[in-house]
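# Residue-level structure breakdown
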Amino acid sequence: MLTLPPAMLALLAPFAPLFGRRVWPSALVLLVGTLLAPGKRTVTAALRVLGLAHTRRFERYHRVLNRAQWSSLAASRVLLGLLVAAFVPTGPLLVGIDETIERRRGKRIAAKGIYRDPVRSSHEHFVKASGLRWICLMLLVPIPWAGRVWALPFLTALAPSERYDQERGRRHKTLTDWARQLLLVVRRWWPDRAIIAVADSSYAALELLAAGQAWPQPVTVITRLRLDAALYAPAPPRRRRQVGRPRLKGQRRPTLAAVAGDPTTVWTPITVPDWYGTGERGIEVVSDTAVWYHAGRPPVPLRWVLIRDPHGQFATQALLCTDRAVAPEQIVAWFVRRWQLEVTFEEARRHLGVETQRQWSERAIRRTTPALLGLFSLVTLFTQQNQNRSRTPVRVRQAAWYPKAQPTFADALALVRRELWAAAAFHLSASEPDMVKVPRRFVERLMDTLCYAA
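Let us look at the structure shown here. Residue indices begin from 1 for each chain and proceed along its sequence in written order. Totals for whole chains, interfaces and linings use every residue, but because this is a predicted model, local features are given only for residues with pLDDT of at least 70 and side-chain atom pairs only at 80 or more, for both listing and counting. Side-chain metrics rest on all non-hydrogen atoms present in the structure, leaving aside hydrogens and water.

This next bit is on the overall build of the protein chain. Helix and strand definitions here come from DSSP, where helices need a minimum of 4 consecutive H or I residues and strands a minimum of 2 consecutive E residues; each element is numbered from the N-terminal end. Each helix and strand in the protein chain was counted, giving 14 helices and 11 strands. Atoms considered for the radius of gyration are the C-alpha atoms alone. The globule rule reads 2.2 Å times the number of residues to the power 0.38. Taking 22 Å as the expected radius of gyration for a compact globule of 454 residues, we find that the protein chain reaches 25 Å, a close match to that expectation. By definition, residues are in contact when any of their heavy atoms lie within 4.5 Å. Contacts spanning at least 24 positions in sequence make up 65% of the contacts within the protein chain whose residues lie at least 6 apart. Looking at the protein chain as shown, the accessible area adds up to about 24,100 Å², and 55% of this sits on carbon and sulfur atoms. Across the protein chain, the centroid of the 66 positively charged side chains sits 7 Å from that of the 33 negatively charged ones. In these tables, accessible area is a Shrake-Rupley quantity obtained with a 1.4 Å probe, and a residue counts as shielded only by the protein chains included in the view. In summary, the charge assignment counts Lys and Arg as positive and Asp and Glu as negative, without counting His or the chain termini. A charged residue contributes its charge at one atom only: NZ of Lys, CZ of Arg, CG of Asp or CD of Glu.

On to the side chain of Gln357, then. By the secondary structure assignment, Gln357 is in the loop between helix H11 (339-351) and helix H12 (362-390). Burial classes follow relative accessibility: with a 1.4 Å probe on protein chains only, a residue under 20% of its type's maximum area counts as buried, one over 50% as exposed, and anything between as partly exposed. Using a relative accessible area of 1% as the deciding quantity, one classes Gln357 as buried. Side-chain polar atoms of Gln357 contact the side chain of Glu102, separated by 3.0 Å. Within the structure, the side chain of Gln357 is placed 2.8 Å from the side chain of Thr369, a separation counted as a polar contact. Here a polar contact is taken to be a pair of N or O atoms separated by no more than 3.5 Å, where protein atoms must pair a possible hydrogen donor with a possible acceptor and residues adjacent in sequence count only if both atoms sit in side chains.

Alternating positions in strand S5 (residues 195-198) separate into two faces, Ile195 and Ala197 on one and Ile196 and Val198 on the other, with burial throughout. The rule for pairing is simple: two strands pair if DSSP sees at least two bridges between them. Note: strand S1 (residues 93-103) against S5, 4 bridges, orientation parallel. Looking at the pairing, Val95 lines up with Ala197 of S5. Summarising the sheet, S5 and strand S6 (residues 220-224) pair through 3 bridges and their orientation is parallel.

This next bit is on unusual backbone geometry. Unusually for a residue other than glycine, Tyr276 sits at a positive phi of about 50 degrees. You can see Tyr276 is positioned in the loop between strand S8 (268-272) and strand S9 (281-292). According to the relative accessible area criterion, Tyr276 is partly exposed, its value standing at 21%. In the Ramachandran plot, Glu355 falls in the positive-phi region, its phi being about 85 degrees despite a non-glycine side chain.

Orientation is described by lines fitted to C-alpha atoms, with helices fitted over the stretch in contact, and by angles between N-to-C directions that extend from 0 to 180 degrees. Running from N to C, helix H4 (residues 59-66) and H12 point in directions that differ by 80 degrees, and their axes come no closer than 7 Å. As the angle between them shows, H4 and H12 are arranged roughly perpendicular. Listed contacts from H12 to Val64, Leu65 and Asn66 of H4 are Arg363, Ala364, Arg367 and Thr368. Asp, Glu, Lys and Arg are counted as charged, while Ala, Val, Leu, Ile, Met, Phe, Trp, Tyr, Cys and Pro are counted as nonpolar; the rest, among them Gly, fall into the polar class. For the contact of H4 with H12, the residue count by class is 3 nonpolar, 2 polar and 2 charged. Should an angle fall under 35 degrees it is taken as roughly parallel, and over 145 as roughly antiparallel, whereas 65 to 115 is taken as roughly perpendicular and any remaining angle as oblique.

Attention now moves to the layout of surface pockets. Computed from the structure, the largest pocket encloses a volume of approximately 970 Å³. Every definition here rests on a 1 Å grid over the protein atoms only: cavities are sets of points where a 1.4 Å probe fits but cannot get out, pockets are open sets enclosed by protein on both sides within 12 Å along at least five of seven lines, and lining residues have some atom within 4 Å of a point. Every residue lining the largest pocket is counted, 42 residues in all, and those nearest its centre are Trp70, Ser72, Arg367, Pro370 and Ala371. Listed by contribution, the elements that provide at least two residues to the lining of the largest pocket are helix H2 (23-36), helix H3 (43-49), H4, helix H5 (72-87), strand S4 (148-158), helix H7 (175-189) and H12. In terms of residue count, H12 provides more of the lining of the largest pocket than any other element does, 10 residues in total. Per-class residue counts for the lining of the largest pocket are 30 nonpolar, 9 polar and 3 charged. By volume, the second largest pocket amounts to about 810 Å³. Considering the residues around the second largest pocket, the lining is formed by 24 residues, among which Arg116, Pro118, Val119, Asp200 and Glu342 are closest to the centre. No other element matches H11, which puts 6 residues into the lining of the second largest pocket. By residue class, the composition of the lining of the second largest pocket is 8 nonpolar, 5 polar and 11 charged. Grid points are joined across faces, edges and corners, and a volume is the space filled by probe spheres set on the points.

As structure tokens, then:
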């Protein structure tokens, strides 16, 4: 019988009503087995690491993913509630949006497509990858025991290829369509909290920005802005008895490229506390409000921020924020946290086995990758719970070639694995011979190796 620490069971209790009475124990087995298994995260790997390789009813664990009735969306709502209660009980919710490619091949994976590989490609070199495209929402929060901001996934959706939708007679949804739909879901879950979404230039679309502003409780979007974007002054007030349609914009303003090159532009120096995870950095900014407009698209009032490096180490860039009342310093501080999304994707591949699963049914495919990404947030919650209970610092594993001062996700996962191994019961029958005594130092090193196995 699977044995879990009582604190972990209490943390997982809100998920139990989402599963059937017979499905929940099997789901717990897959959860614990996935956390403990090194290498590939398949159902059989999870069973082997728990000593269930010879169980006859192994198919019931596969059915948790490909047949059982439970909602990934409902599980995402529960997970977000736990993350908010643990890390951001008050204040705005800072959410990051990004997509990732899960490299998969095979005729039975119908939703796959050919996409640009963002990891292997560059401005001069284009690399294509066959796989599944996932769009993910992550909560960007400072982790007290880690000393920095982490991106915690809570809602992931499969964005199928255009060919997949055409074959099934469906309207193809772009990444911005998916982002708008996911943000609306989160807005409905949390109608009384301010929500700020940060994203890269792929989501700088007028339809997405206008939709976030049009909701009864708007969602603020921060993303990059083109230096040649068509910016206008606000529309002048309508005169009395004026005929015709109301104006959408005022006079055309200079492009941001022209503003950046103007010698009369007044730049304000500021210090960003955490510049893409490298510590403090001094930059210069200039900011103003405008209306971004394109023919046939809704106009979007926004605040733009031009950023340049006084030392010339990076090119001048621009950001936009759909809330014109936000200060430029805050806009930059929120946007640079977006880099943590890429860190989370890499950690999930390295330590949680994303891209190693081998499900073939469409339902299992749609459930497995979001579940693996959600494990990143669950491990963080388990570690936070341990810190609140024990008050002992997370053990930081160092090496001669890899010194580090703060815990990483590998250290958090190792702590959770130690708790799971400690909760397991090992017994020897009276007929078995006495075990050879092993030095305690050897056992500790062996346990350390097992807990850090990727």
